[in-house]
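Chain residues, written in single-letter form:
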Amino acid sequence: MGALVVLEPEEDAFALEGGTIFSRRRGAGRVSAPSDGAGECRFEALPPDVLLRVKIQRDGHASVRDLPPITLRAGEERAVEWLLDTGALLTGLVVDPSGTPVPDEELWLLHANREGPELFDADQRSDARRARSDAHGRFEFAAVPAGAWWLGPAATRRYSDPPDPEGLAPFAERLELASDEHVREVRVVVQRGLFVRGR
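Residues numbered from 1 in each chain as written. Predicted model: local features only at pLDDT ≥ 70, side-chain atom pairs only at ≥ 80, totals over all residues. Heavy atoms only, no water.

Engineer: Please explain the overall build of the protein as it appears in this structure.
Structural biologist: Along its length, the protein carries zero helices and 13 strands. Along the chain direction, N to C, the helices and strands of the protein fall in the order β-β-β-β-β-β-β-β-β-β-β-β-β. Residues counted as buried form 38% of the 199 residues belonging to the protein. Excluding contacts between residues fewer than 6 apart, the proportion of contacts in the protein whose partners are at least 24 apart in sequence is 63%. Total accessible area on the protein is roughly 12,600 Å²; 48% of this is exposed by carbon and sulfur atoms. (Helix = DSSP H or I, 4+ residues; strand = E, 2+ residues; numbered from the N terminus. Buried < 20%, exposed > 50% of the residue type's maximum accessible area, 1.4 Å probe, protein only. Contact = heavy atoms within 4.5 Å. Areas by Shrake-Rupley, 256 points an atom, 1.4 Å probe, with all protein chains shown as cover.)

See the structure below:
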């Protein structure tokens, strides 16, 4: 399946899907340019002096993020090469033990350096890839390399912090992605208010 290239100006949005460009600005005409077998495409009549933000998607999901924006001068032509990230799309659903989706929760993805699960610590934040579940509990990590990973709720508190009965336990399960995997669907079951007190 081909890539979906999306250019989003401040007031416009153009999308190339299957070689056709659609202008989403009200009142603008439809413009098309077919992509060839080499993966090349051409955008015509883009607005000048407008910041164009670039997104690339495959299979309906973001494949490349944080690409440099583009601004064209009037009459300018420019060739740009975008390299798609390698790796798998890791996507899934966050639910509580009853199966109810859990929205707006941060998840961490870290390289696993040993067997078994992991209890995340707040000090691991800088090493973690982060994503947040949407209103329906869905999340995704794009371009995840093959190998062993820990996936689970973010550690939002330190061990010395007082217990939070509503907080998610930062317990991460281990998973392995094969080198030939393109999409992995997972289900993350989270627990609230788990803590131990003692002296």
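Now that the structure has been shown, we can carry on.
Engineer: For this particular structure, what's the right way to read the side chain of D121?
Structural biologist: The residue D121 is located in the loop between β8 (118–119) and β9 (129–132) in this model. Under the relative-accessibility criterion, D121 is labelled buried at 17%. There is a polar contact of 2.8 Å between the side chain of D121 and the backbone nitrogen of D123. (Polar contact = N/O pair within 3.5 Å; in protein donor to acceptor, adjacent residues only side chain to side chain.)

Engineer: Just to check I follow, could you spell out the packing of aromatic side chains for this structure?
Structural biologist: Two measures describe an aromatic ring pair: the distance that separates the ring centres and the angle between the ring planes. Across all of its chains, the model carries two aromatic pairs by this definition. With 5.6 Å between their ring centres and 45° between their planes, W108 and F120 make a pair best called tilted. Of this pair, W108 sits in strand β7 (residues 106–111) while F120 sits in the loop between β8 and β9, and the two are 12 residues apart along the sequence. Here W108 matches F120 in class, with each residue buried. Summarising the aromatic geometry, the rings of F139 and F141 are spaced 6.1 Å apart at their centres and angled 70° between planes, so their arrangement reads as edge-to-face. By relative accessible area, F139 is classed as buried at 4%. (Phe/Tyr/Trp six-rings, centres within 6.5 Å; stacked < 30°, edge-to-face > 60°.)

Engineer: Teacher, can you tell me more about the sheet that holds strand β10 (residues 138–144) here?
Structural biologist: Across a sheet, strands are paired by hydrogen bonds formed along the backbone, either parallel or antiparallel in direction. A sheet is described by the order of its strands in space; here three strands give the open sequence β10-β6-β13, paired in mixed fashion. Every other strand in the sheet has two partners, leaving β10 and β13 (183–189) as the edge strands with one partner each. Pairs of neighbouring strands in the sheet enclose a mean axial angle of 20°, with direction left out of account. Examined bridge by bridge, strand β6 (residues 88–95) and β10 share five bridges and lie antiparallel to one another. Within β10, the residue paired with A88 across the bridge is V144. (Pairing = 2+ DSSP bridges. Axes fitted to C-alpha atoms, helices over the stretch in contact; angles between N-to-C directions.)

Engineer: Even after reading the chapter, I still don't get the sheet that holds β8, so can you show me in this structure?
Structural biologist: In spatial order, the strands read β8-β12-β11-β7-β9; together these five strands make up an open sheet with antiparallel pairing. With one partner strand each, in any of the chains shown, β8 and β9 form the two edges of the open sheet. Judged from the two bridges that link them, β8 and strand β12 (residues 171–177) form a sheet pairing that is antiparallel. Following the sheet pairing, E118 is matched in β12 by A172.

Engineer: I would appreciate a short explanation of the environment of P153 in the present structure.
Structural biologist: With respect to the secondary-structure elements, P153 resides in strand β11 (residues 147–153). Overall, the relative accessible area of 1% leaves P153 in the buried class. Linking P153 and R130, residues 23 residues apart in sequence, is a C-alpha distance of 9.6 Å. Once residues within four sequence positions are removed from consideration, P153 is found in contact with E106, L107, F120, L168, A169, P170, F171 and V190.

Engineer: Even after reading the chapter, I still don't get the side chain of E118, so can you show me in this structure?
Structural biologist: Here E118 is to be found in strand β8. A polar side-chain atom of E118 sits 3.2 Å from a polar atom in the side chain of Q124. When neighbours within four sequence positions are excluded, E118 is seen to be in contact with Q124, W150, P170, F171 and A172.

The values are spatial; any link to function lies outside them.
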